[in-house]
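Survey of secondary and tertiary structure
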Amino acid sequence: MERPKLGIAAMEKWKMHDNLWVRRGAIIHQLRYGADTNKAWLFECCKVRAHESDFFIQKAIGWSLREYAKTNPKAVKKFVKDNQKELSRLSAREAIKRL
């Protein structure tokens with residue numbers, strides 16, 4: 001599977017963007033990467049955006065983590081457990097939905 005040309009440098013800008021849909025794009029940009037997911041960046045991005053109360057951001061965090069859990073369930077379980085105070089209930093629930 002060919003990866004998009006936009007990399008982490010672009011996503012760093014996107015995750016801090018004023019527009020919520022752009023921030024959401026940064027969160028979900030690795031959805032189908034599987035084993036090629038940059039785990040450190042995914043987790044860091046989720047932590048940076050975890051404070052947001054917007055439903056679509058919370059859902060995107062959970063969705064991204066749930067997809068990565070198909071590849072690395074232990075890492076996602078640990079991330080959710082270690083960050084349960086920061087993550088919304090929606091994000092945490094979505095992340096571990098199928099574990």
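Throughout what follows, the structure given in this document is the object of discussion. Given the structure is predicted, the values throughout are model-derived calculations rather than measurements.

Conventions we followed
Residues numbered from 1 in each chain as written. Predicted model: local features only at pLDDT ≥ 70, side-chain atom pairs only at ≥ 80, totals over all residues. Heavy atoms only, no water. Core = buried A, V, L, I, M, F, W, Y, C linked by side-chain atoms within 4.5 Å. Buried < 20%, exposed > 50% of the residue type's maximum accessible area, 1.4 Å probe, protein only. Helix = DSSP H or I, 4+ residues; strand = E, 2+ residues; numbered from the N terminus. Contact = heavy atoms within 4.5 Å. Polar contact = N/O pair within 3.5 Å; in protein donor to acceptor, adjacent residues only side chain to side chain. Arc of directions from axis to C-beta.

Some words on the nonpolar core
Counting residues in each nonpolar core, the largest one holds 25 residues, and the members touching the most others are Ile-27, Phe-43, Ile-61, Leu-65 and Val-76. Counting residues per element, this core draws most heavily on helix α4 (residues 55-69), at six residues.

Here's the deal with helix α2 (residues 20-28)
Listed as buried for α2 are Arg-23, Gly-25, Ala-26, Ile-27 and Ile-28. Lining the buried residues of α2 we find α1 (8-14), α3 (39-49) and α4. Between a side-chain oxygen at the N-terminus of α2 and the backbone nitrogen of Trp-21 the separation is 2.7 Å; the capping residue is Asn-19.

A short note on helix α5 (residues 73-82)
Every buried residue of α5 is listed here: Ala-75, Val-76, Phe-79 and Val-80. Along the long axis of α5, the arc covered by the buried residues comes to 130°, so they all point the same way. Facing away from the buried side of α5 by over 90 degrees, the exposed positions are Lys-74, Lys-78 and Lys-81. Contact partners of the buried residues in α5: α3, α4 and α6 (89-95).

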